[in-house]
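# Structural description and commentary
So you can see what is in the structure, the chains are spelled out below.
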Amino acid sequence: MRVLVVEDEERFAAGLRDGLEAEGFAVDIALDGVDGLWMARENAYDAIVLDIMLPRLNGYRVCRALRGEGDWTPILMLTAKEGEWDEVEGLDTGADDYLTKPVSYAVLLARLRALLRRDARERPAVLTVGDLRLDPAARTVTRGGRQVELTARELAVLEFLMRRTGEALTKRTILDHVWGDDFEGDPNIVEVYVRRLRNKVDRPFGRESLLTVRGHGYRLVPDGE
């Protein structure tokens, strides 16, 4: 999943990025409101973590602009300010949730996952494709009731494919959402992770759900379709 963090405190932003990337997220950072708004307009994000007290353009105005343009990407607002009116204003501009600094990383992660589950498409708490099940909150995968051990990156690739079940996804699309569009390595890394996933969630179970779409990319389907 791809997340935009708009936060002017560089050390805090870097800490969030490191923590979220360890959980398998792809994270982009903007250090002021103008850059944050531009990045949100230019890229498809699954969620935005948005500070309120930002240089050049505050978080309220960024949120209001996105909502006014019909962009309903889930937004989690952060602020060092306290008081119920700050929370009210944040939610009234279109934010989905609100946390006051200092922020517990565990709470932020839990709130972020909750937003990802309940966006405009009403994401399910547990993803299911045939007998393959992935619980994003618990970070667990099972197939036919048997536990499958995946690394954080393997799980992130599988989660993205499961959220787009049936869609033919290009390597570039997978890279942008799982690694981030600033990834400068070999795009064939996607092939490596698809092969690893097949060796873990398909072949040991006699399944063929992770398909190659020749000349395009990959598609995850219920086995046999």
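Calculation notes
- Residues numbered from 1 in each chain as written.
- Predicted model: local features only at pLDDT ≥ 70, side-chain atom pairs only at ≥ 80, totals over all residues.
- Heavy atoms only, no water.
- Helix = DSSP H or I, 4+ residues; strand = E, 2+ residues; numbered from the N terminus.
- Contact = heavy atoms within 4.5 Å.
- Areas by Shrake-Rupley, 256 points an atom, 1.4 Å probe, with all protein chains shown as cover.
- Buried < 20%, exposed > 50% of the residue type's maximum accessible area, 1.4 Å probe, protein only.
- Polar contact = N/O pair within 3.5 Å; in protein donor to acceptor, adjacent residues only side chain to side chain.
- Pairing = 2+ DSSP bridges.
- Axes fitted to C-alpha atoms, helices over the stretch in contact; angles between N-to-C directions.
- Right-handed = clockwise from strand over helix to strand, strands pointing away.
- Phe/Tyr/Trp six-rings, centres within 6.5 Å; stacked < 30°, edge-to-face > 60°.
- Lys NZ or Arg CZ within 6 Å of the ring centre and 35° of its normal.

The chain appears in an unreviewed UniProt entry as Response regulator transcription factor from Streptomyces sporangiiformans.

### Concerning the overall build of the chain
A count of helices and strands for the chain gives eight helices and 12 strands. Counting contacts in the chain only where the partners sit at least 6 residues apart, residues at least 24 apart contribute 56% of the total. Carbon together with sulfur atoms contributes 47% to the accessible area of the chain, which is approximately 10800 Å² in total.

### Observations concerning the side chain of Asp51
Tracing the chain through its elements places Asp51 in strand β3 (residues 47–51). We classify Asp51 as buried; its relative accessible area is 2%. One polar contact links Asp51 to Lys101, side chain to side chain, over a distance of 3.5 Å. Not counting chain neighbours up to four residues away, the residues in contact with Asp51 comprise Val6, Glu7, Asp8, Gly59, Leu78, Thr79 and Lys101.

### Quick look at the environment of Glu23
Looking at the secondary structure, you find Glu23 in the loop between α1 (10–22) and β2 (26–30). What makes Glu23 partly exposed here is its relative accessible area of 24%.

### Quick notes on the sheet that holds strand β6 (residues 127–129)
Read across the open sheet, the four strands follow the order β6-β7-β8-β9; overall the sheet is antiparallel. Two strands in the sheet have a free side with no partner beyond their single neighbour: β6 and β9 (146–148). Strand-to-strand twist across the sheet, computed as the mean angle between neighbouring axes with direction ignored, equals 25 degrees. Here three bridges tie strand β8 (residues 140–143) to β9, and the two strands are oriented antiparallel to one another. The residue bridging Val141 from the neighbouring strand is Val148, located in β9. Packed on one face of the sheet, helix α6 (residues 152–163) meets β6, β7 (132–135) and β8 and runs near 115 degrees to β7.

### Here we look at the pairing of β2
For β2, the tally of buried residues reaches four of five residues, placing the bulk of the element in the interior. Looking at chain direction, strand β1 (residues 2–6) and β2 are connected through five bridges and run parallel. Its bridge partner being in β2, Val5 is matched across the sheet by Ile29. The parallel pair β1 and β2, bridged by α1, forms a crossover whose chirality is right-handed.

### As for the packing of aromatic side chains
Tallied over the entire structure, the rule returns one aromatic pair. Aromatic pair Trp179 and Tyr193: ring centres 5.4 Å apart, planes at 70 degrees, arrangement edge-to-face. Here the residue Trp179 occupies a position in the loop between α7 (171–178) and α8 (189–202), and Tyr193 occupies one in helix α8, the gap between them amounting to 14 residues. Exposure remark for Trp179: the relative accessible area of 12% places this residue in the buried category. The class for Tyr193 is buried, based on a relative accessible area of 12%. Lying across the ring of Tyr193, Arg196 places its NZ or CZ 4.7 Å from the centre.

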